[in-house]
Amino acid sequence: HIQKTGGTTFGRHLVRNIQLEQPCECRAGQKKCTCHRPGKRETWLFSRFSTGWSCGLHADWTELTNCVPSVVDSKKEVRLRPSRNFYYITILRDPVSRYLSEWRHVQRGATWKASLHVCDGRSPTTEELPSCYTGDDWSGCSLQEFMECPYNLANNRQVRMLSDLSLVGCYNLSVMPEEQRNKVLLDSAKENLKRMAFFGLTEFQRKTQYLFEKTFNMNFISPFTQYNSTRASSVEIDQQTQQRIEALNFLDMELYDYAKDLFLQRYQYMRQKEHQEARRKRQEQRKILRAKQARLRERGDNSSSTDYTGNVERWRR
């Protein structure tokens, strides 16, 4: 669940807007819903709205892949733990819009201080990951201040959260040269995204819904809404600021181009598959209809010849 990508909205869709044999049980006033498999006491969904932030607030790929299996089956002995398939999914967003949205969120007092950023078994030290502000939060910060902090985790957040950070020594920037680190992170993020069973894009809500439904053979009750008006979209920036944000998020920009291309490829593949299936069904129905018509004609021919023969015999008498 990458910050400011519409993950909260998508998470609510999963617990409240999906057709299930046994729907998630969501009680008024409670943030979490119970999402059990039919007739079982085991959950099928690991998310903020079902299991809570069990692996830490906005846990990234590195944290989740190391944490989820043990958390899901922690109450059982190792020998009793079932073998499971974990399907990781995420939502990505245009990097400039996402960055501006995070700035507005931080400006209102958000900090995500509770995030653990665990990598190779530990959280980063304050030397490895210094804070951008000295007080309790960074509320009221200007966009200029937000962009000027060199430790700001908003910069290239999507690549960092989707890559295997253990490949680059986690948050220790002295392990390898910056250029090499960036390449390893970007390549890792692309590979992990490609291996995900599903990912959506904030800018393509209906296509995201369609792709999810076709991938998992599950249907949503009501359609997703495309919100073109957001807090980020209301921020007017000049071209120079736009270019500065793009430069600060150059890895995210490249990842998003890759993601968009891959997303549309998957979408087109599913559409073609759907059309082929519909064509196959139509051909099958036509074949059945032709066979039925042939049987009827044969039966009609037999009965008419029998009637004629019988009439001739009667006439002769």
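Owing to the predicted nature of the structure, the values given are computational and were not obtained by experimental measurement.

### Section: the overall build of the protein chain
Then comes step 1: In terms of regular secondary structure, the protein chain is built from nine helices and two strands.
Then comes step 2: Secondary structure of the protein chain in N-to-C order comes out as α-α-β-α-α-α-α-β-α-α-α.
Then comes step 3: Its C-alpha atoms give the protein chain a radius of gyration of 28 Å, clearly above 20 Å, the size a compact globule of 317 residues would have.
Then comes step 4: With the principal axes as the frame, the protein chain shows a C-alpha extent of 120 × 55 × 40 Å.

### Topic: the pattern of salt bridges
Then comes step 1: With the rule as written, the count across this model stands at 13 salt bridges.
Then comes step 2: For Lys190, the salt bridge goes to Glu254, with nearest N and O atoms at 3.4 Å. Of the two residues, Lys190 sits in helix α6 (residues 178-195) while Glu254 sits in helix α9 (residues 250-316), which places them 64 residues apart along the sequence.
Then comes step 3: For Lys194, the salt bridge goes to Glu191, with nearest N and O atoms at 3.6 Å. Taken as a pair, Lys194 and Glu191 lie in helix α6 at a separation of three residues, close to a single helical turn.
Then comes step 4: We classify Lys194 as partly exposed; its relative accessible area is 42%.
Then comes step 5: One network of salt bridges, in which partners are shared, links Arg37, Glu42 and Arg84.

### Concerning the environment of Arg244
Then comes step 1: With respect to the secondary-structure elements, Arg244 resides in helix α8 (residues 239-248).
Then comes step 2: On the basis of relative accessibility, which here comes to 38%, the residue Arg244 falls in the partly exposed class.
Then comes step 3: Put simply, Arg244 and Ser115 are 129 residues apart on the chain and 27 Å apart in space, counted from C-alpha to C-alpha.

### Topic: the pairing of strand β2 (residues 198-201)
Then comes step 1: Going residue by residue along β2, you find Phe198 and Gly200 tucked away on one face and Phe199 and Leu201 tucked away on the opposite face as well.
Then comes step 2: Of the pairings in the sheet, the one linking strand β1 (residues 89-92) to β2 comprises four bridges and is parallel in character. Looking at the pairing, Ile91 lines up with Gly200 of β2.

The rules behind each value
- Residues numbered from 1 in each chain as written.
- Predicted model: local features only at pLDDT ≥ 70, side-chain atom pairs only at ≥ 80, totals over all residues.
- Heavy atoms only, no water.
- Helix = DSSP H or I, 4+ residues; strand = E, 2+ residues; numbered from the N terminus.
- Rg over C-alpha atoms; globule rule 2.2 N^0.38 Å.
- Salt bridge = Lys/Arg side-chain N within 4 Å of Asp/Glu carboxyl O.
- Buried < 20%, exposed > 50% of the residue type's maximum accessible area, 1.4 Å probe, protein only.
- Pairing = 2+ DSSP bridges.

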